[in-house]
Amino acid sequence: MIDVAALNASIEAARCELSSDDNVKGILSLATRTQIWKTMLDVDDIERSYRDRTHLHMTCVRHVQFVWEMALPGDNGVEEMLSLTQKLIDQTVSTDEAKVRSESFLNDVEARGTEDPTALRAAMVADAASHMVDSACHRDLYAEIDEDLVDDDELLPDALDPSYSCAVAVSGATNSMPVEKTDVAARRAFWLWYLDEAIPAVLAN
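Residues numbered from 1 in each chain as written. Predicted model: local features only at pLDDT ≥ 70, side-chain atom pairs only at ≥ 80, totals over all residues. Heavy atoms only, no water.

Q: It is not clear to me how the overall build of the protein should be interpreted in this structure. Could you clarify?
A: Assigned secondary structure in the protein consists of eight helices and zero strands. When its helices and strands are written in sequence order, the protein yields α-α-α-α-α-α-α-α. In terms of overall size, the protein behaves like a compact globule, its C-alpha atoms giving a radius of gyration of 16 Å where 205 residues would be expected to give roughly 17 Å. Summarising its shape, the C-alpha atoms of the protein cover approximately 45 × 45 × 30 Å along the three principal directions. Within the span of the protein, comprising 205 residues, buried residues form 49% of the whole. Relative to all contacts within the protein whose residues are 6 or more apart in sequence, the contacts with residues 24 or more apart total 74%. A total accessible area of about 9900 Å² is found for the protein, and carbon and sulfur atoms account for 52% of it. (Helix = DSSP H or I, 4+ residues; strand = E, 2+ residues; numbered from the N terminus. Rg over C-alpha atoms; globule rule 2.2 N^0.38 Å. Buried < 20%, exposed > 50% of the residue type's maximum accessible area, 1.4 Å probe, protein only. Contact = heavy atoms within 4.5 Å. Areas by Shrake-Rupley, 256 points an atom, 1.4 Å probe, with all protein chains shown as cover.)

Now the structure itself:
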């Protein structure tokens with residue numbers, strides 16, 4: 001069973017982090033998100049925890065899918081990654097096949113170039129979708145719980161959390177980039193949605 005009190009406390013701590021006057025970039029740190037993920041775990045129900053984690057990734061990708069569709073109208077690549085992730089949940093595709101397909105998808109996107117801001121944002125949606133698939137390949141309860149990591153940019157270039165990639169897609173900047181090059185309002189709005197809507201919706205289902 002999930003410790004609801006602990007989960008609520010970790011989410012409230014995340015809200016405080018976002019609203020802090022010192023947080024001029026609107027960042028929700030990896031350390032804070034890791035604590036939330038930890039309190040979302042149901043140690044008595046590994047399958048439920050796996051599905052919650054995977055559905056949260058899927059919800060984030062769907063939330064920013066419009067960025068991809070604006071940049072590449074008619075390209076169904078992200079939708080195909082979402083479908084592939086559902087097949088992994090249902091165990092109707094092998095993890096080997098899924099990993100090959102997600103890697104191929106991301107490589108194809110990166111080969112198109114990310115020089116202009118629109119292409120870069122679309123590539124970050126693709127990054128989120130690809131890592132969503134990779135995450136779904138692992139049913140380990142603690143697959144993404146690493147409390148030694150505190151900064152998302154420690155995971156660059158090829159192991160980013162999907163939610164972080166989604167935040168980059170909407171804000172146009174990584175955490176380390178100058179605030180002047182960041183859509184801070186969009187980043188903060190994404191993280192508030194993550195806390196107030198995405199997580200509760202996932203757990204309710």
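Q: Just to check I follow, could you spell out the nonpolar core for this structure?
A: As a rule of thumb, nonpolar side chains are buried together in soluble globular proteins. Ranked by size, the top nonpolar core spans 61 residues in total, and within it Phe190, Tyr194, Leu195 and Ile199 carry the most contacts. When contributions to this core are tallied by element, the ones reaching two or more residues are helix H1 (4-19), helix H2 (30-40), helix H3 (46-71), helix H4 (77-90), helix H5 (95-111), helix H6 (117-136), helix H7 (162-171) and helix H8 (184-204). Sort the elements by how many residues they give to this core and H6 lands first, with ten residues. Non-local contacts of Tyr194, meaning those with residues more than four positions away in its chain, are made with Leu28, Arg33, Trp37, Leu56, Cys60, Ser163 and Ile199. (Core = buried A, V, L, I, M, F, W, Y, C linked by side-chain atoms within 4.5 Å.)

Q: Where do I start with the pattern of salt bridges in this structure?
A: Oppositely charged side chains can pair when the atoms bearing their charge come close. Under the definition given, this model contains eleven salt bridges. In this structure, Arg33 and Asp152 form a salt bridge, with 2.7 Å as the shortest nitrogen-oxygen distance. One end of the pair, Arg33, is in helix H2; the other, Asp152, is in the loop between H6 and H7, with 119 residues separating them in the sequence. Look at Arg33 and you get buried, because its relative accessible area is 0%. Owing to a relative accessible area of 1%, Asp152 belongs among the buried residues under this scheme. Of the charged contacts in the structure, one is a salt bridge between Arg33 and Asp161, with a shortest N-O distance of 2.9 Å. Of this pair, Arg33 sits in helix H2 while Asp161 sits in the loop between H6 and H7, and the two are 128 residues apart along the sequence. It is possible to trace a salt-bridge network through shared partners that takes in Glu12, Arg15 and Asp196. (Salt bridge = Lys/Arg side-chain N within 4 Å of Asp/Glu carboxyl O.)

Q: In this structure, what is going on with H1? I would like to understand it.
A: For an α-helix, 3.6 residues make a turn, and residues three or four places apart therefore share a direction. The terminal C-alpha atoms of H1 lie 23 Å apart, and with 16 residues this matches the ideal 22 Å at 1.5 Å per residue to within 8%. Within the span of H1, buried status applies to Leu7, Ser10, Ile11, Ala14 and Leu18. The arc that holds every buried residue of H1, seen down its axis, measures 100 degrees, which confines them to one face. Summarising the geometry of H1, the exposed residues directed more than 90 degrees from the buried face are Ala5 and Ser19. The inward-facing, buried residues of H1 abut H2 and H8. The N-capping residue of H1, defined by a side-chain oxygen 3.3 Å from the backbone nitrogen of Ala5, is Asp3. (Expected span 1.5 Å × (residues − 1). Arc of directions from axis to C-beta. Polar contact = N/O pair within 3.5 Å; in protein donor to acceptor, adjacent residues only side chain to side chain.)

Q: Is there a simple way to think about the packing of aromatic side chains in this case?
A: The geometry of an aromatic ring pair is captured by two quantities: the separation of the ring centres and the angle between the planes. Per the stated rule, a full pass over the model turns up five aromatic pairs. On the basis of an interplanar angle of 90 degrees and a centroid distance of 5.3 Å, the ring pair of Trp191 and Tyr194 is categorised as edge-to-face. With Trp191 and Tyr194 both in helix H8 and three residues apart, the pair spans about one turn of that helix. You can call Tyr194 buried: its relative accessible area is 1%. Joined through ring pairs, the aromatic side chains of Phe190, Trp191, Trp193 and Tyr194 make up one cluster. (Phe/Tyr/Trp six-rings, centres within 6.5 Å; stacked < 30°, edge-to-face > 60°.)

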